[in-house]
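Topology and contacts: notes
So the chains spell out like this:
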Amino acid sequence: MSERGHLMSEPADEPDTGRATGAGPDADAGPGRDASPGTGTVDAATDVFVDHRELLFSLVYNMLGSVADTEDVLQETWLAWTVRNAAADAGLIESPRAYLVRIAVNKALSRQAAISKRRETYVGTWLPEPLVSTTDTPPPPEDEAAERAERSESVSMAMLVVLETLTPLERAVFVLHEVFGYAHTETAEILGRSPAAVRQLAHRARDHVQPRRPRFRPDPLVHRRVTERFLDAVFGGDLTALMRLLAPDVTLWADGGGKSRAAGPRPVHGRDHVARLLISRATALEGLAVKYRQVNGDPAAVLFSDDAPFAVMVLDLTPDGEQVRDIYNVTNPDKLPHLY
């Protein structure tokens, strides 16, 4: 089943008593859980929330690009959900999934103002907080490749960077419709907007994203091999090999938040500048251990110093899969604590 098949929600016709997001693509209320228990029991409400947590996390993370803020939104969603279910006069909720998604999405939108204010004083380039798998996931079977590619792009680092250029409402509409397959009428219910307004937001978002979105997803094995060759060249000080791997117009995006010596204040463009800077910085670093992981759906590298996470490095490749066109390097320690 495709991801969109899992994520289609019934129309949200409940009263709007809270705002919140949801998590992963495999969330399903399961048999007998099409309606909220309505009994006020914490255990029953918890079971329903846990069933949908992955869906809620995925939705909110795609809207915010921050693991920490996503967890905060899920906590707020959980509190709103338990209060609603504990109310003595709580009525029946026919679609807990639609209700939870509505709460979570709107709480994520409410958090956007605080996030934007933090960004105004952020030092240097801001990148999404990396979502790192605990294992280096092997490539999927042939018959699952298309579904995996669609799911992976929805959260890839390159795609999240593009989504940062949208307004909060445009991004919410784009994520709900383009990534998770919600109809415009369903999105309108979730956001409390008219279907016509949602269609207009979707049109603007699509026009803005289309020319900028990643158009190519390399085979995972190819991506992994290029990442390995890239790091071998960087830490081996092989300028010639590194120059061959980098596209002429490559850009290095380094996010240190002003707290890491390995990140500069602005992006660096061009093969020569990027190659020399990377090797220069690598020369000053000793004792780093490299572990290959899935980061936002892509093969990538996590660098450790004395068993503590030091950096996450994700490469975006050219359409032929032979060269690197973008390097996303996150070294801000505030974005790495969950990697231990």
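Residues numbered from 1 in each chain as written. Predicted model: local features only at pLDDT ≥ 70, side-chain atom pairs only at ≥ 80, totals over all residues. Heavy atoms only, no water.

Formed by 47 residues in total, the largest nonpolar core has its most connected members in Met-63, Trp-81, Val-101, Val-105, Leu-163 and Phe-174. Where this core is concerned, the elements lending two or more residues are α2 (42-64), α3 (67-86), α4 (96-120), α6 (157-163), α7 (168-179), α8 (184-191) and α9 (195-209). Looking at this core, the element that brings in the most residues is α2, giving eleven residues. Other than its neighbours up to four places away in sequence, Met-63 contacts Val-105, Ala-108, Leu-109, Gln-112, Arg-171, Ala-172 and Val-175. With 29 residues, the next largest nonpolar core counts Ala-233, Ala-241, Leu-252 and Ala-301 among its residues. (Core = buried A, V, L, I, M, F, W, Y, C linked by side-chain atoms within 4.5 Å. Buried < 20%, exposed > 50% of the residue type's maximum accessible area, 1.4 Å probe, protein only. Helix = DSSP H or I, 4+ residues; strand = E, 2+ residues; numbered from the N terminus. Contact = heavy atoms within 4.5 Å.)

Let's shift gears to unusual backbone geometry. The phi torsion at Asn-296 lies on the positive side, around 50°, for a residue other than glycine. With respect to the helices, strands and loops of the structure, Asn-296 is situated in the loop between β3 (288-295) and β4 (298-305). For Asn-296, a relative accessible area of 1% gives the class buried. Look at Asp-306: it is not a glycine, yet its phi comes out positive at around 55°. On the secondary structure map, Asp-306 appears in the loop between β4 and β5 (308-317). For Asp-306, a relative accessible area of 72% corresponds to the exposed category.

With 20 residues, α3 should cover 28 Å at 1.5 Å per step; its first-to-last C-alpha distance of 28 Å lies within 8% of that length. Taken as a whole, α3 has its buried residues at Val-67, Asp-69, Thr-70, Val-73, Leu-74, Thr-77, Trp-78, Trp-81, Thr-82, Arg-84 and Asn-85. (Expected span 1.5 Å × (residues − 1).)

For the second largest pocket, the calculated volume is near 330 Å³. Lining the second largest pocket are 17 residues, with Arg-118, Tyr-122, Trp-126, Asn-332 and Lys-335 sitting closest to its centre. Among the secondary structure elements, those contributing two or more residues to the lining of the second largest pocket are α3 and α4. Looking at side-chain class alone, the lining of the second largest pocket contains five nonpolar, four polar and eight charged residues. (1 Å grid on protein atoms, 1.4 Å probe; cavity = no way out; pocket = protein on both sides within 12 Å on 5 of 7 lines; lining within 4 Å. Points joined across faces, edges and corners; volume = space filled by probe spheres on them. Nonpolar A, V, L, I, M, F, W, Y, C, P; charged D, E, K, R; others polar.)

This part covers the packing of α7 against α8. Two numbers describe how α7 lies on α8: the axes approach to 10 Å, and their chain directions differ by 135°. Classified by the interaxial angle, the pair formed by α7 and α8 is oblique. Seen from above, α7 lies across α8 with right-handed handedness. Within the contact between the two elements, α7 uses Leu-169, Ala-172, Val-173, Leu-176 and His-177 and α8 uses His-184, Thr-187, Ile-190 and Leu-191. Taken together, the residues of the contact of α7 with α8 sort by class into six nonpolar, three polar and no charged. (Axes fitted to C-alpha atoms, helices over the stretch in contact; angles between N-to-C directions. Parallel < 35°, antiparallel > 145°, perpendicular 65-115°, else oblique. Left-handed = near helix turned anticlockwise from the far one by under 90°.)

Here we come to the environment of Arg-119. Along the polypeptide, Arg-119 turns up in helix α4. The exposure class of Arg-119 is partly exposed, given its relative accessible area of 24%. Discounting residues that sit within four places of it in the chain, Arg-119 has contacts with Leu-64, Trp-126 and Glu-164.

Scanning the entire structure with this criterion turns up three aromatic pairs. Taking the centre distance of 5.6 Å and the plane angle of 55° together, the rings of Phe-49 and Trp-78 count as tilted. Separated by 29 residues along the polypeptide, Phe-49 in helix α2 and Trp-78 in helix α3 bring together distant segments of the chain. Pair check on accessibility: Phe-49 and Trp-78 agree, each one buried. Seen in terms of ring centroids, Trp-81 and Tyr-99 are 5.9 Å apart; in terms of plane orientation they differ by 55°. Their pairing is tilted. Here the residue Trp-81 occupies a position in helix α3, and Tyr-99 occupies one in helix α4, the gap between them amounting to 18 residues. (Phe/Tyr/Trp six-rings, centres within 6.5 Å; stacked < 30°, edge-to-face > 60°.)

On to α9. Compared with the 21 Å implied by 1.5 Å per residue over 15 residues, the 21 Å span of α9 between its first and last C-alpha is a close match. Taken as a whole, α9 has its buried residues at Val-198, Leu-201, Ala-202, Ala-205 and Val-209. Angular distribution of buried residues about the axis of α9 spans 100°; they occupy a single face of the element. Residues of α9 that are buried in the fold lie against α6, α7 and α8. (Arc of directions from axis to C-beta.)

The element β5 is extensively covered by neighbouring structure, given that nine of its ten residues are classed as buried. Alignment of β4 against β5, held across five bridges, turns out to be antiparallel. From the neighbouring strand, Ser-305 faces β5, where its bridge partner is Ala-308. Hairpin connection from β4 to β5: two residues lie between these consecutive antiparallel strands, with Asp-306 at a positive phi of about 55°. With six bridges connecting them, β5 and strand β6 (residues 324-330) associate as antiparallel partners. Each residue of the ladder has a partner; that of Leu-317, found in β6, is Val-324. Here β5 folds back onto β6 in antiparallel fashion, the turn holding six residues, of which Gly-321 has a positive phi close to 75°. (Pairing = 2+ DSSP bridges.)

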